[in-house]
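Topology and contacts: notes
These are the residues of each chain, in order.
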Amino acid sequence: MNPDPNGMENPTYRQVCSGSTGHVEVLEVELNDPENHFEELCRFFFMFHDPTTLNRQGNDVGTQYASYIFCGDEEQIRIANNVKGELQAAVDAGKVKYASNKVETQIGPMTTFYPAHEEHQEYLMKNPNGYCNHRMRFKEWPVLN
């Protein structure tokens, strides 16, 4: 998905990997009840990856690896920004540790989603020993007093 609504249409994997298209590798999630579950999904997102590394996830470096939440409407943008703010406060208070101390996640409106090519669908199912930097970073959302 590209933050620029006028970005390249349906880029190839190699084009995205070049970092020249502006696209970010994302997972598309459809919620049955977004009003009641979007905030929970945002929290899970922050618990499952490191949002403090700008344009990087583990060994993978480039704008295509940015931490980005694409939202379906203004309410989702508001919720995502609130959750990001809560997380930054938890990082500042030392309740959560990441590689850095600044949450770099960008938040913006959803644009066109282009599915990965078949060889990249269910990558870890097809490559059980493949590299993946994503894992649960902490088990419960931090509570600030």
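For the structure given in this document, a descriptive report is provided here. Bear in mind the structure is a predicted one, so any value in this text is a computation, not a measurement.

1. Considering unusual backbone geometry
The phi dihedral of Asn10 falls on the positive side, at around 45°, and the residue is not glycine. Backbone geometry at Asn55 places phi at a positive 55°, although glycine is not the residue there. Position of Asn55 relative to the elements: it lies in the loop between α2 (34-48) and β1 (56-57).

2. Notes on the packing of aromatic side chains
A full pass over the atoms with the stated rule returns five aromatic pairs. Arranged with centres 4.1 Å apart and planes meeting at 15°, the rings of Tyr68 and Phe70 form a pair that is stacked. Judged by its relative accessible area of 13%, Tyr68 falls in the buried class. Between the aromatic rings of Tyr98 and Phe138, the centroid separation amounts to 6.3 Å while the plane-to-plane angle is 70°, which identifies the pairing as edge-to-face. You can see Tyr98 sitting in the loop between α3 (74-92) and β4 (106-109) and its partner Phe138 sitting in the segment after α4 (123-126), a full 40 residues away along the chain. Looking at Tyr98, the relative accessible area reads 13%, which means it is buried. Three or more aromatic residues link up through ring pairs in this structure, and these residues are Tyr98, Phe138 and Trp141.

Here is what the cut-offs are and how they apply
Residues numbered from 1 in each chain as written. Predicted model: local features only at pLDDT ≥ 70, side-chain atom pairs only at ≥ 80, totals over all residues. Heavy atoms only, no water. Helix = DSSP H or I, 4+ residues; strand = E, 2+ residues; numbered from the N terminus. Phe/Tyr/Trp six-rings, centres within 6.5 Å; stacked < 30°, edge-to-face > 60°. Buried < 20%, exposed > 50% of the residue type's maximum accessible area, 1.4 Å probe, protein only.

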